[in-house]
Structure formats: structure tokens, C-alpha cells
Amino acid sequence: MSDEELTLLLMQIIRNDGNIDTLLDNGFTYSSLSLSISRLKEDGLIEIDSRQIQLTEEGRRWFDRTTRTAGKRGIYKYFFDSRQYRLEERYPVEAVYVPPKIEGRSPVE
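Model, not experiment: these values are computed from the prediction.

Within the fold, Arg61 resides in helix 4 (residues 57-69). With a relative accessible area of 41%, Arg61 lands in the partly exposed category. For the pair Arg61 and Leu45, spaced 16 residues apart in sequence, the C-alpha to C-alpha distance is 9.0 Å.

Below, the discussion takes up the nonpolar core. Side chains of nonpolar character tend, in soluble globular proteins, to be buried together. In terms of nonpolar packing, the biggest core is built from 17 residues, with Leu10, Met11, Leu23, Leu40 and Ile46 touching the most fellow members. Secondary-structure elements contributing two or more residues to this core are helix 1 (3-15), helix 3 (30-42) and helix 4. With seven residues, helix 1 is the largest single contributor of residues to this core. Those residues within four positions of Leu40 in sequence are excluded, and the remaining contacts are Thr7, Leu10, Met11, Ile14, Leu45 and Ile46.

To continue, consider the confidence of the model for the protein chain. The pLDDT averaged across the protein chain works out to 77; a share of 71% of its residues lies at or above 70. Of all secondary-structure elements in the protein chain, the lowest mean pLDDT belongs to helix 2 (residues 21-25), at 79, while strand 1 (residues 46-48) reaches the highest, 93.

A negative phi angle characterises most non-glycine residues, just as the trans form characterises most peptide bonds. One non-glycine residue, Asp17, lies in positive phi territory at about 50°. Mapping Asp17 onto the fold places it in the loop between helix 1 and helix 2. What makes Asp17 exposed here is its relative accessible area of 72%.

Cut-offs applied
Residues numbered from 1 in each chain as written. Predicted model: local features only at pLDDT ≥ 70, side-chain atom pairs only at ≥ 80, totals over all residues. Heavy atoms only, no water. Helix = DSSP H or I, 4+ residues; strand = E, 2+ residues; numbered from the N terminus. Buried < 20%, exposed > 50% of the residue type's maximum accessible area, 1.4 Å probe, protein only. Core = buried A, V, L, I, M, F, W, Y, C linked by side-chain atoms within 4.5 Å. Contact = heavy atoms within 4.5 Å. pLDDT = per-residue confidence, 0-100.

What follows is the structure in C-alpha cells.
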């Protein structure tokens, strides 16, 4: 993913109060994530309070403008192609899939 795509994905995660695992799987570290969040705050795209991080009005406009430029419209602007999570083979509907453990990550408690 390009830097702009990663920033867009970070903005999407912030917008939807999502999970950062996708960013960590795509090369972000906790320190680079912290730096990116600080940069977004300095640019006025997000605001941080004691309880949450959220997009500012300018951040929402940036997100919408950037997704339009990337050719994502409607609900598709919230979806990103994550081919690494696709299964190689089809499983029966009644099967239970347990994803492999990612080395180096401790489970969230």
C-alpha cells in the first residue's frame, strides 16, 4: 500500500473507531502509528480527547475528497482490498475457520 492509502486507511479506522491490526500487518509500527496520528492532529484532520480520536470537519472533507480521487464512491469508499486475508480454498458453510496466530503479537486482554 502507498503512504496515501495507509493514511486513508488510518482515517477510515479513526472514523469508524476500528481496529489497527490491518495497519500493523501492512508495515506500521506502534511508533509510526503514533507519529502518523500526531501529524494528522497537527494538520487539523483529527482531534483527540481523553476518551477518543475522531475526525474533524476538515478531516471528513479530506476523507471524502481523497476517496473520490481514488475512485471509491458510495459505500465502497469504506472498503479496502486486503487480499492477504482471503482464503486460498473454499470451505463448506458449516466449517469453522480459525485464522493462524500472528507471531510477535500478544492477544488483547
